Amino acid sequence: MAEPHNYRPSAEDVATWFSALGNRPLPDLMEEARALRRLGHGDVISFSPKVFIPLTRLCRDACGYCTFAKSPRAVGKAYMSRNEVLQVARDGAIAGCSEALFTLGDHPERRYRAADAALAALGYDCTSDYLSEMAGLVQKETGLLPHINAGIMSRDEIAMLRCVSASQGIMLESTSERLMQKGGAHFGCVTKTPAVRIEMIAEAGRLAVPFTTGILIGIGETRVER
């Protein structure tokens, strides 16, 4: 068998495991899940109260299920201003938040002239540079810990943002190449290629960046793919 970090089960393997699980009584599975939870975490449940800072709602992708990303005409203004970012962060701090979750589309300047022009007016070349400045500002002015979800980033971008964030993340979303085909939820979305997202997660690991990820349920994947 391949090394664990290189091992990827075949569709037949997954189907076999899924069938075996489906044949087990639900109470047995739930008890096993509880045992694993107790073994790994005991009775400790943690959470991070956070405030959302949608730095931009523009995105170069056009996922079939997304309700976050908008067109330049729909948003009116491509990016939140410095004062808007600080106001949201300060309100969050007053409300008892400890984390500032920066949410944004994936490098919208690569798709929209409006985003590119807005960045230039702000004095930045790219979204990641402006994001880095705002994350550092929020931490300095409010004490909130920035968590950054900025889409696909290069090694240099991940390293730059590591200096101004407590953690970063990207949703794997799905390992299904099928969803990239015409009619699929990720058709025409180059950043949603599973291998690209897996490589970014691996790069964050190589840079020792605290990182979060996850999958999306109900975007057209089969239960075996899930």
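Everything below is about the structure printed above this text.
(A) Layout of unusual backbone geometry. The backbone phi angle of Glu173 is positive, close to 70°, even though this residue is not glycine. Tracing the backbone shows Glu173 in the loop between β4 (167-169) and α8 (194-206). Owing to a relative accessible area of 9%, Glu173 belongs among the buried residues under this scheme. Of note in the backbone geometry, Ala208 takes a positive phi value of approximately 60° without being a glycine. With respect to the secondary-structure elements, Ala208 resides in the loop between α8 and β5 (211-212).

(B) Fine view of the nonpolar core. Ranked by size, the top nonpolar core spans 38 residues in total, and within it Ile53, Leu55, Val85, Phe102, Leu131 and Val138 carry the most contacts. Counting only elements with at least two residues in this core, the list comes to β1 (50-56), α4 (82-94), β2 (99-104), α5 (113-122), α6 (127-142), α7 (155-162) and α8. For this core, the leading source of residues is α6, giving 6 residues. Aside from chain neighbours lying at most four places away, what touches Phe102 is Ile53, Val85, Leu131, Met134, Ala135, Val138, Pro146, His147, Ile148 and Asn149.

(C) Here's a closer look at the layout of surface pockets. What the largest pocket holds in volume is close to 800 Å³. Of all the elements in the fold, those that place two or more residues in the lining of the largest pocket are β2 and β3 (145-149). Among the elements that line the lining of the largest pocket, the one with the most residues is β2, at 3 residues. Each residue belonging to the lining of the largest pocket can be placed in one class, and the counts come to 15 nonpolar, 11 polar and 7 charged. Every residue lining the second largest pocket is counted, 14 residues in all, and those nearest its centre are Pro9, Val14, Thr175, Val224 and Glu225. Split by residue class, the lining of the second largest pocket holds 7 nonpolar, 4 polar and 3 charged.

(D) Spatial organisation of the packing of α4 against α6. For the pair α4 and α6, interaxial distance at closest approach is 10 Å and the crossing angle is 40°. On the basis of their axis angle, the class for α4 and α6 is oblique. Pair α4 / α6 crosses with right-handed handedness. For the pair α4 and α6, contact is made by Arg82, Val85, Leu86, Ala89, Arg90 and Ala93 and by Tyr130, Met134, Leu137, Val138, Glu141 and Thr142, respectively. Here the residues of the contact of α4 with α6 sort into 8 nonpolar, 1 polar and 3 charged.

(E) Structural view of the pairing of β3. Here β2 pairs with β3 via 5 bridges, running parallel. Looking at the pairing, Thr103 lines up with Asn149 of β3. With 2 bridges joining them, β3 and β4 adopt parallel strand pairing. Residue pairing in the sheet places His147 in a bridge with Ser167 of β4. A crossover connection joins β3 to the parallel β4 through α7; in handedness this β-α-β unit is right-handed.

(F) A look at the environment of Ala204. For Ala204, the position within the fold is in helix α8. In this structure Ala204 comes out as buried when scored by relative accessible area, which is 0%. Once the C-alpha coordinates of Ala204 and Met153 are considered, the two residues, 51 residues apart in sequence, prove to be 9.6 Å apart. When near neighbours in sequence (up to four residues on either side) are disregarded, Ala204 contacts Ile158, Val209 and Phe211.

(G) Structural context of the sheet that holds β2. Ordered in space as β1-β2-β3-β4-β5, the 5 strands form an open sheet in which the pairing is parallel. Strands with a single pairing partner mark the edges of an open sheet, and in this sheet they are β1 and β5. Here α4 sits on the sheet and contacts β1 and β2; the angle it forms with β1, its principal contact strand, is near 170°.

(H) Looking closely at empty space enclosed by the protein. The final tally for this structure, using the stated rule, is 1 cavity of 30 Å³ or more. Here the largest cavity defines a volume of roughly 30 Å³. Taken together, Leu104, Gly105, His107, Thr127, Ser128, Ala150 and Met153 make up the lining of the largest cavity. Of the residues assigned to the lining of the largest cavity, the class counts are 3 nonpolar, 4 polar and no charged.

The rules behind the values
Residues numbered from 1 in each chain as written. Predicted model: local features only at pLDDT ≥ 70, side-chain atom pairs only at ≥ 80, totals over all residues. Heavy atoms only, no water. Helix = DSSP H or I, 4+ residues; strand = E, 2+ residues; numbered from the N terminus. Buried < 20%, exposed > 50% of the residue type's maximum accessible area, 1.4 Å probe, protein only. Core = buried A, V, L, I, M, F, W, Y, C linked by side-chain atoms within 4.5 Å. Contact = heavy atoms within 4.5 Å. 1 Å grid on protein atoms, 1.4 Å probe; cavity = no way out; pocket = protein on both sides within 12 Å on 5 of 7 lines; lining within 4 Å. Points joined across faces, edges and corners; volume = space filled by probe spheres on them. Nonpolar A, V, L, I, M, F, W, Y, C, P; charged D, E, K, R; others polar. Axes fitted to C-alpha atoms, helices over the stretch in contact; angles between N-to-C directions. Parallel < 35°, antiparallel > 145°, perpendicular 65-115°, else oblique. Left-handed = near helix turned anticlockwise from the far one by under 90°. Pairing = 2+ DSSP bridges. Right-handed = clockwise from strand over helix to strand, strands pointing away.

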